[in-house]
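The lines below spell out each chain.
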Amino acid sequence: GESVGLHLPTLSVQEGDNSIINCAYSNSASDYFIWYKQESGKGPQFIIDIRSNMDKRQGQRVTVLLNKTVKHLSLQIAATQPGDSAVYFCAEKEGGADGLTFGKGTHLIIQP
Amino acid sequence: DSGVTQTPKHLITATGQRVTLRCSPRSGDLSVYWYQQSLDQGLQFLIQYYNGEERAKGNILERFSAQQFPDLHSELNLSSLELGDSALYFCASSPGDSYGYTFGSGTRLTVV
């Protein structure tokens, strides 16, 4: 994943609009990717995952796209709601035992 | 409630002291992972245990250690604490050792 830093990118969208959060990963051997949502004072909450043998996966109001050629992952949130305001992290993992490598989070702000 | 329980939620201690953080995984999960989240380093993987045995190590300092007990709960021991150890410490669990991570709500450690 991206190196983690102090300054989080911020994405501000209008309530009801679609949001797209992007993530670049660095390990071409990673075969499993997860998007997490973290609200203030809480732990990361699983949103959706995708394995490297897929390029798209859909959940409820969310879609993850994986482009292995350019090592890019995106999370699309449809019809954003105030409750979607949070920091979103992508995480990657290479097969076998080990922990997740988290990318730099993106702070999603929903404007009324 | 994610099913992963961490105690205590908050901990304030002095430099040089030792603390123990506790994690109970989701029912049925055999793997426990520890992560540290600080402002300047983001979410960093520390260590993983699987069914009582150490499985993988990440960026864990020598002053830190962990173990997983027969009932599968885990403890993270932090000793000779320094101001820079102040962070959120998260535990996650998964059924095996590769997929399906669920995070707890974390322990906020403040070293003064």
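Residues numbered from 1 in each chain as written. Chains lettered and ligands numbered in written order. Predicted model: local features only at pLDDT ≥ 70, side-chain atom pairs only at ≥ 80, totals over all residues. Heavy atoms only, no water.

Draft legend 1. A look at the overall build of chain B. Across its full length, chain B carries zero helices and eleven strands. Starting at the N terminus and ending at the C terminus, chain B contains elements arranged as β-β-β-β-β-β-β-β-β-β-β. The C-alpha atoms of chain B give a radius of gyration of 13 Å, which matches the 13 Å a tight globule of 112 residues would have. Counting every position in chain B, which comprises 112 residues, the buried fraction comes to 52%. In chain B, 55% of the contacts between residues at least 6 apart in sequence involve partners at least 24 apart. Carbon and sulfur atoms form 47% of the exposed surface of chain B, whose accessible area is close to 5200 Å². Each charge sign in chain B was given a centre, from 8 positive and 11 negative side chains, and these centres are 4 Å apart. (Helix = DSSP H or I, 4+ residues; strand = E, 2+ residues; numbered from the N terminus. Rg over C-alpha atoms; globule rule 2.2 N^0.38 Å. Buried < 20%, exposed > 50% of the residue type's maximum accessible area, 1.4 Å probe, protein only. Contact = heavy atoms within 4.5 Å. Areas by Shrake-Rupley, 256 points an atom, 1.4 Å probe, with all protein chains shown as cover. Lys, Arg positive; Asp, Glu negative; His and termini not counted. Charge placed at Lys NZ, Arg CZ, Asp CG, Glu CD.)

Draft legend 2. Geometry of the state of the cysteines. Enumeration according to the criterion identifies two disulfides over all chains in this entry. For Cys-23 of chain A, the disulfide goes to Cys-90 of chain A, at an S-S distance of 1.7 Å. Residue Cys-23 of chain A is found in strand 2 (residues 19-24), and its partner Cys-90 of chain A is found in strand 8 (residues 86-94); the two are separated by 67 residues along the sequence. We classify Cys-23 of chain A as buried; its relative accessible area is 3%. Overall, the relative accessible area of 4% leaves Cys-90 of chain A in the buried class. Covalent S-S linkage joins Cys-23 of chain B and Cys-91 of chain B, the inter-sulfur distance amounting to 1.8 Å. Because the torsion about its S-S bond is -50°, the bridge between Cys-23 of chain B and Cys-91 of chain B counts as left-handed. Separated by 68 residues along the polypeptide, Cys-23 of chain B in strand 3 (residues 19-24) and Cys-91 of chain B in strand 9 (residues 87-94) bring together distant segments of the chain. Across this residue pair, the class does not change: Cys-23 of chain B and Cys-91 of chain B are buried. (Disulfide = S-S within 2.5 Å.)

Draft legend 3. Quick peek at the pattern of salt bridges. Counted according to the given criterion, the structure contains six salt bridges over all chains. In this structure, Arg-57 of chain A engages Asp-49 of chain A in a salt bridge whose closest nitrogen and oxygen atoms are separated by 2.3 Å. Here Arg-63 of chain B and Asp-85 of chain B are joined by a salt bridge, their closest N and O atoms 2.8 Å apart. With Arg-63 of chain B in the loop between strand 6 (53-57) and strand 7 (64-68) and Asp-85 of chain B in the loop between strand 8 (74-78) and strand 9, this pair connects stretches of sequence that are 22 residues apart. We note that Arg-63 of chain B, like Asp-85 of chain B, is buried. Shared partners join several salt bridges into a network, and the residues in it are Arg-63, Glu-82 and Asp-85 of chain B. (Salt bridge = Lys/Arg side-chain N within 4 Å of Asp/Glu carboxyl O.)

Draft legend 4. Molecular detail of the interface of chain A and chain B. On the chain B side, the residues contacting the 22 residues of chain A number 22 residues. At the boundary of chain A with chain B, total buried surface from both sides reaches about 1600 Å², with 60% on carbon and sulfur atoms. Put simply, chain A and chain B have zero salt bridges between them. The interface formed by chain A and chain B includes three residue pairs in polar contact (both at pLDDT 80 or more). (Buried area = accessible area lost by both parts, 1.4 Å probe. Polar contact = N/O pair within 3.5 Å; in protein donor to acceptor, adjacent residues only side chain to side chain.)

Draft legend 5. Fine view of the environment of Leu-11 of chain A. Residue and element names in this part refer to chain A. Positionally, Leu-11 belongs in strand 1 (residues 10-14). The partly exposed category is assigned to Leu-11, whose relative accessible area is 24%. C-alpha of Leu-11 to C-alpha of Gly-105: the two residues are 94 residues apart in sequence and 11 Å apart in space. Residues in contact with Leu-11, not counting those within four places in the same chain, are Ser-19, Ile-20, Ile-21, Thr-106, His-107, Leu-108 and Ile-109.

Bear in mind that shape data such as this cannot, by itself, settle questions of function.
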